Amino acid sequence: DYRKTMRRFADVLKSAWLKTMPRIGNNSLPEILTFARLGLKLRLLGKADMGEFLRIAALPARDLMEENFESDLLKAALSWDGLIGSKMAPRSPNHTVLGMLYRMNEEQGGDHALPNGGIDGLIAALASSAKAAGAEIKTGSRVARILIEADVGGLSANGVELADGEKIMADRIVSAADPKRTFLELVGTPNLEIEFSNRIRRLRCDGYVAKLHLALDGLPEFNGLERPDGRLIIAPDLDAIEFAFDDAKYGESPEHPVMEILIPSIYEASLAPTGKHVLSAHIMYVPYQLKGGWTNKARKALLERVIDTIARYAPGIKKQIIHQELLTPLDIEQTCNVTGGHWHHTEFAIDQMLMMRPTYEAAQYRTPIPGLFLCSAGCHPGGGLMGGPGHNAAHEILK
Ligand SMILES: Cc1cc2nc3c(=O)[nH]c(=O)nc-3n(C[C@H](O)[C@H](O)[C@H](O)COP(=O)(O)OP(=O)(O)OC[C@H]3O[C@@H](n4cnc5c(N)ncnc54)[C@H](O)[C@@H]3O)c2cc1C
């Protein structure tokens, strides 16, 4: 019943995720219709369900779990999708349930899917489709700045300059870099109104998820599991998640990390040599800004605690490790060029959602600089590998 109800509620929001949100203060009919459609879908739920939807949408995950389940394990596991990637824990008010509904919107209704060939396979498919449509792709070419032209009509974007000095001119520039990086680094504040650049500067972009990669000599055995396939969540109860969050919110590395583990080589044999495996885990909550900084000692201590935690459930795993790597949000910022190493580029929170994402005046993928568009997770509807921001941005660019 819980699953059916949540899917019904997720369906209501579906119409809003793949649509450009109306501009604040804009009275154009198509934009108003976006909200009207959402209101109608809500109304069609019927009186009882509509009331229930409005009641739970802003509920802390913990309250929803306590209302529906008795098992501590189930409560922790089912709240996970509302929390991962955000600075929120089960007791956080306002939008953890919205986060859950967001994840349930994807085609599989919240079930996770791995693309053929892993993420590399997805990237190869997107690249080959773009090339077939005539795109030329340049990788390993850092954009140093977006070129802005000034004339009597005002400013407009007309190209990019790469780090090696090469200039590429174009009528439309579309940035998949996060909003802070796009505006503060690539456009530059001298080209922006002060109120706008202040709003961008205030975006909350500190990531709270670290990534663990292990290369293993064989398939690890987890207590009580015939085969360690599917998503393995280590979070014994809601308090375990909350306490890990408490450490992180005061800038500490979690004493007892909670995590989600996947062994993708079970599904995609090409990811590891025969007989070997790779394990990937999302560790929560690991602060971008650690008190005392992310020194080698701090990194090593966290890695040890994470491996010790996994070894409690998979006792033989330590002997199977051939190589290990832990990326903190700071490492992710540096290696993936994402401000704060944030999962959604900027916090997925009620004040940074819908027509406020990343901020008004840039929430419809167009920006205050004509010719410059945004298309990343920092835009509506948000992050995760769902293609929503790119889909909506493409529609706006083609208008
Ligand atoms: C640790 C972690 C684990 C995650 N795991 C999952 C998961 O399992 N499933 C899931 O669905 N989502 C996951 N996510 C979220 C997901 O990865 C992001 O939401 C998603 O990648 C955002 O896609 P994007 O294209 O908007 O931005 P990005 O994937 O961040 O792409 C932006 C690109 O712009 C490039 N760039 C930035 N600046 C420049 C520049 N100056 N010049 C040239 N290029 C530049 C960056 O290098 C990057 O390649 C995870 C996120 C994190 C941090």
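Residues numbered from 1 in each chain as written. Predicted model: local features only at pLDDT ≥ 70, side-chain atom pairs only at ≥ 80, totals over all residues. Heavy atoms only, no water.

### Let's talk about the domain arrangement of the protein chain
And then number 1: Parsing the protein chain into structural domains produces domain 1 (2-104), domain 2 (118-197 + 349-398) and domain 3 (209-336).
And then number 2: The gap between the C-alpha centroids of domain 2 and domain 3 is 32 Å. (Domains from an automatic or database assignment.)

### Let's talk about helix H10 (residues 238-249)
And then number 1: Compared with an ideal rise of 1.5 Å per residue, which puts 12 residues at 16 Å, H10 spans 16 Å between its outermost C-alpha atoms and is within 8% of the ideal.
And then number 2: Where H10 is concerned, the buried positions are Leu238, Ala240, Ile241, Glu242, Ala244, Phe245 and Ala248.
And then number 3: Buried residues along H10 sit in contact with helix H4 (61-68), helix H5 (72-83), strand S7 (258-262) and strand S8 (277-284).
And then number 4: Gly251 occupies a position one or two residues after H10 and carries a positive phi of about 80°. (Helix = DSSP H or I, 4+ residues; strand = E, 2+ residues; numbered from the N terminus. Expected span 1.5 Å × (residues − 1). Buried < 20%, exposed > 50% of the residue type's maximum accessible area, 1.4 Å probe, protein only. Contact = heavy atoms within 4.5 Å.)

### Description of the site of the ligand
And then number 1: Contacts to the ligand come from 21 residues, most closely from Val143, Trp343, Ala377, Gly384 and Leu385.
And then number 2: Cys336 is positioned with one of its backbone polar atoms (N or O) 3.3 Å from an oxygen atom of the ligand.
And then number 3: Note that an oxygen atom of the ligand is positioned 2.7 Å from one of the backbone N or O atoms of Gly384.
And then number 4: Relative to its unbound accessible surface of 990 Å², the ligand loses 68% to contact with the protein.
And then number 5: Put simply, the parts of the chain that give the shell around the ligand at least two residues each are helix H8 (179-187) and helix H13 (329-336).
And then number 6: By residue class, the composition of the shell around the ligand is 10 nonpolar, eight polar and three charged.
And then number 7: Per-domain counts for the shell around the ligand show at least three residues from each of domain 2 (118-197 + 349-398) and domain 3 (209-336). (Near = heavy atom within 4 Å. Polar contact = N/O pair within 3.5 Å; in protein donor to acceptor, adjacent residues only side chain to side chain. Areas by Shrake-Rupley, 256 points an atom, 1.4 Å probe, with all protein chains shown as cover. Nonpolar A, V, L, I, M, F, W, Y, C, P; charged D, E, K, R; others polar.)

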